[in-house]
Amino acid sequence: MTFLQTLIRGTKDLFKPDGLTPMQKMTLRFVVVGLLWYGIAVAEGMIMRLSLVKPLPPFPPGHYYAILTAHPLVGIFGSTYSVVFGAFLFLVPFLMKKPLWSLKAANWTCFFLAFGTFTFWAAGFISHYAPLYTLYWPLPADFTQFSVVGGTFFILGIALVMVGTVLFVINVFKTVTYTPAGFPPQPAGALLASALGLTGLKRVFSREKKDHLVSLPVAAIARGTVDTALNAGIILFTGVLILVYMVAELSGHSLKHSAVDALLYKNWFWWGLDLIADGLVLIYVAGAWYLMATLISGKKLFMENIARAALFVEMVVSWTVWSHHLMSDQAQPGILKILSGEMVTAFELITQGLAFTITLITLWSARPLKMTNPLKFLLGGLLGFALAVPAGIMQADLGLNRILHNTQWIVGPHVHVAVLVGLTMTLYSAVYYLFPLLTNGAELYSQKLANLHFWSHLLGGIGMGAFMGMAGLHGMLRRTMYFNGEFSGYMILAALSGSLLLLGFLAFFFNIVMSVGLRGVIGIFLPAKLNTKDLVPSA
Amino acid sequence: MIDSKLVLWGQTVGYTAYVLAVMAGMAGYAYKVTRDGSLKQIPNAVFYVVVGALVAVGVSLHIVTHETIPWKKLDLNRATIAADKTFEIRAADHKFQLPPEKMTIVAGEKVLFKVTSDDLTYGFGVFRPDHSMLFQMQVLPGHMNDILWHFEAPGLYTIRSTEYSGPKGLQMIEKDVIEVVEKSPEALP
């Protein structure tokens, strides 16, 4: 096949979108949406990286901060939520051996994530609404700096994402508990208890050892989804609060900012945000590691019961760690800083360390393993968290936080290494593994491009985090622009590393497009021709 | 008091050594997991040793810093420690309103900074001339934000907001407004 034929029809013309089941199409739509938003997030990241080397005239502070505000939200909601939700809406029925509760709700989730992300991104781009993802009261309602109309659309976009998220949550729990037509009755309550970890908790205090009704990966998805649901509630409530101020402003009645206590708001908001950062991300990632380790090795998970218990502990820990974000807030009670901020947060070192060790031992039991794309990306993901979690534990210390808070250390070695190396490489591992399953045997266009993707992403992610971290240790703040080249040496190196990340993404994107062809990409979004609830076409 | 620069230097060395060790370990694992070998089942004892090590590190980190980083105790007990000097600073409309008198500190003095905000959430950071940070805290409206610091090194220090408060916050820099002077020879013991 010529290059042009491959570009249009995919590698060896193997990918046939008409042969996809509705479930495969739904999942692939999520993946495509997630990758497109990931590309936007990478481009935004590069703009900011370059602006920190030297402020760029097309991106003055107002525009820069609008990008800074949208960037993590695009990365989390537009990209990560899309890929994760799509994968889980496929995996939960796959692992539970029954159809998804509602395919329609799943497709609506995909739409709400894509459209909601576009809405808040566009609102920020056009109006420069930049209240730092509404984190610090009363900045989101500071209409002397920001457009109230732009802000209204921004909040509306976030709300749409949350509506999609709520549909996902309902779909996951209904799929775990419902009895499909033609199936023998299923014990909804017992299934839910097993998924949430209540059965496991009961086993600790009971002589009667009941079997777990759901597999470990489903338990991980369910427990992470509890945090997803709680977070959606927090964000929706906060959005309504901000909207009240916006509607009042639009109708000519400015409300007093002091009606909302800034410290209470900060506690509330960080409690919600940590349900993502220290909750669902860690739980979903641990679940994904366990699943990938058993799929790649073909072996039973090492210490499975301890892994289950650790997932439950992780969920409870995620409800109680938020104070590590308020260690530099002097009005925050000291007892909360020590108990929630330092002590409970240290548990994450233990739970994530357990997941790391269990995964490596499980893989080891099946050696010699072939260094496939899923395996190498899984090891990259494990390495990412091995580097990023201790960096986070260090900053969650009252002594060190005093000299690290709001520096580039936080956002470099901790946040970006966790998200880009740890989380994203774990997701890529799953994407490479699921690719033949979701495309009915389509072949990857080029293994060399996959290798380029791996090395560029790994070295770019670690390098960027390292140079940001070094700048942070020398006093460079996050969320700040520097106009006199104070840290340009570190920032040039971080930007070069960032460009490796961009290169890696372009290699991956091109590889996938050449594998399925442009016709295939369009076909994914057309209605399915097969009428079945099965996950893959029956032979 | 140990300077925060020394703590950051220690952190740099320690974390860099950790990163290099983990990367080398993972590279070795990646190589070995693709090779056949006699040891396939890792003994459970290895796992429990790892768990024990994680617990030990998690618990001891904060105890070690409590005993070695002086400003940690100073911060937790600041309500009961008498300050040698107190400076009150207001932040409003993206500006710091500094005390009318010059902020001059004699090396060795403990200084209390009481910072309030009339409108937004800001940050309060004190920086050395080479842009490295001495310390910082958050400044929330409607609350008293205070920090006690033991100044040792003579020199000029800059105040800047360490928290994002909108694009206008970029201008919140007060250069060289704190001066720490040497203790006079007569005052030395």
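The rules behind these values
Residues numbered from 1 in each chain as written. Chains lettered and ligands numbered in written order. Predicted model: local features only at pLDDT ≥ 70, side-chain atom pairs only at ≥ 80, totals over all residues. Helix = DSSP H or I, 4+ residues; strand = E, 2+ residues; numbered from the N terminus. Rg over C-alpha atoms; globule rule 2.2 N^0.38 Å. Buried ≥ 20, exposed ≤ 12 C-beta atoms within 10 Å, placed from the backbone. Contact = placed C-beta atoms within 7 Å. Axes fitted to C-alpha atoms, helices over the stretch in contact; angles between N-to-C directions. Parallel < 35°, antiparallel > 145°, perpendicular 65-115°, else oblique. Left-handed = near helix turned anticlockwise from the far one by under 90°. Nonpolar A, V, L, I, M, F, W, Y, C, P; charged D, E, K, R; others polar. Domains from an automatic or database assignment.

A count of helices and strands for chain A gives 16 helices and zero strands. Relative to the 2.2 N^0.38 estimate, which gives 24 Å for 539 residues, the radius of gyration of chain A is 23 Å and therefore close to what a compact globule would have. The principal-axis extent of the C-alpha atoms belonging to chain A is close to 65 × 65 × 50 Å. Counting across all 539 residues of chain A, residues that qualify as buried make up 59%. The long-range fraction of contacts in chain A, counting pairs at least 24 apart against all pairs at least 6 apart in sequence, stands at 85%.

Our focus in this paragraph is the environment of His 324 of chain A. Counting through the fold element by element, His 324 of chain A comes out in the loop between helix H10 (304-318) and helix H11 (334-364). Non-local contacts of His 324 of chain A, meaning those with residues more than four positions away in its chain, are made with Gly 341, Thr 345 and Ala 396 of chain A.

In this section: the packing of helix H14 (residues 408-438) of chain A against helix H15 (residues 447-473) of chain A. All names here are of chain A. At a closest axis distance of 6 Å, the pairing of H14 and H15 adopts a crossing angle of 165°. With respect to each other, H14 and H15 are oriented roughly antiparallel. The element H14 and its partner H15 pack so that their crossing is left-handed. Here Gln 408, Trp 409, Val 411, Gly 412, Pro 413, His 416, Val 417, Leu 420, Val 421 and Met 425 of H14 lie close against H15, whose contacting residues are His 457, Leu 458, Gly 461, Ile 462, Met 464, Gly 465, Ala 466, Met 468, Gly 469, Ala 471, Gly 472 and Leu 473. For the contact of H14 with H15, the per-class residue count stands at 14 nonpolar, eight polar and no charged.

The extent of an interface is frequently quoted as the accessible surface area lost upon association of the parts. Examined at the domain level, chain B breaks down into domain 1 (4-68) and domain 2 (82-184). Placing a centre on the C-alpha atoms of domain 1 of chain B and another on those of domain 2 of chain B gives a separation of 38 Å.

Turning to the packing of helix H8 (residues 216-250) of chain A against H10 of chain A, a few remarks are in order. Residue and element names in this part refer to chain A. Packing of H8 against H10 brings their axes to within 10 Å, and their N-to-C directions diverge by 5°. On the basis of the axis angle, H8 is roughly parallel to H10. In this structure, H8 contributes Leu 216, Ala 219, Ala 220, Arg 223, Val 226 and Asp 227 to the contact, and H10 contributes Glu 304, Ala 307, Arg 308, Leu 311, Phe 312, Met 315 and Ser 318. In the contact of H8 with H10, the residues fall into eight nonpolar, one polar and four charged.

As a further point, take unusual backbone geometry. The omega torsion of the bond from Trp 137 of chain A to Pro 138 of chain A falls at 5°, within 30 degrees of zero and hence cis. One can find Pro 138 of chain A in the loop between helix H4 (103-127) and helix H5 (148-177). Cis geometry marks the peptide bond from Arg 367 of chain A to Pro 368 of chain A, where omega comes out at 10°. Position of Pro 368 of chain A among the secondary structure elements: in the loop between H11 and helix H12 (373-395). One non-glycine residue, His 131 of chain B, adopts positive backbone phi at about 75°. Positionally, His 131 of chain B belongs in the loop between strand E5 (122-127) and strand E6 (133-139). You can call His 131 of chain B partly exposed: it has 17 C-beta atoms within 10 Å.

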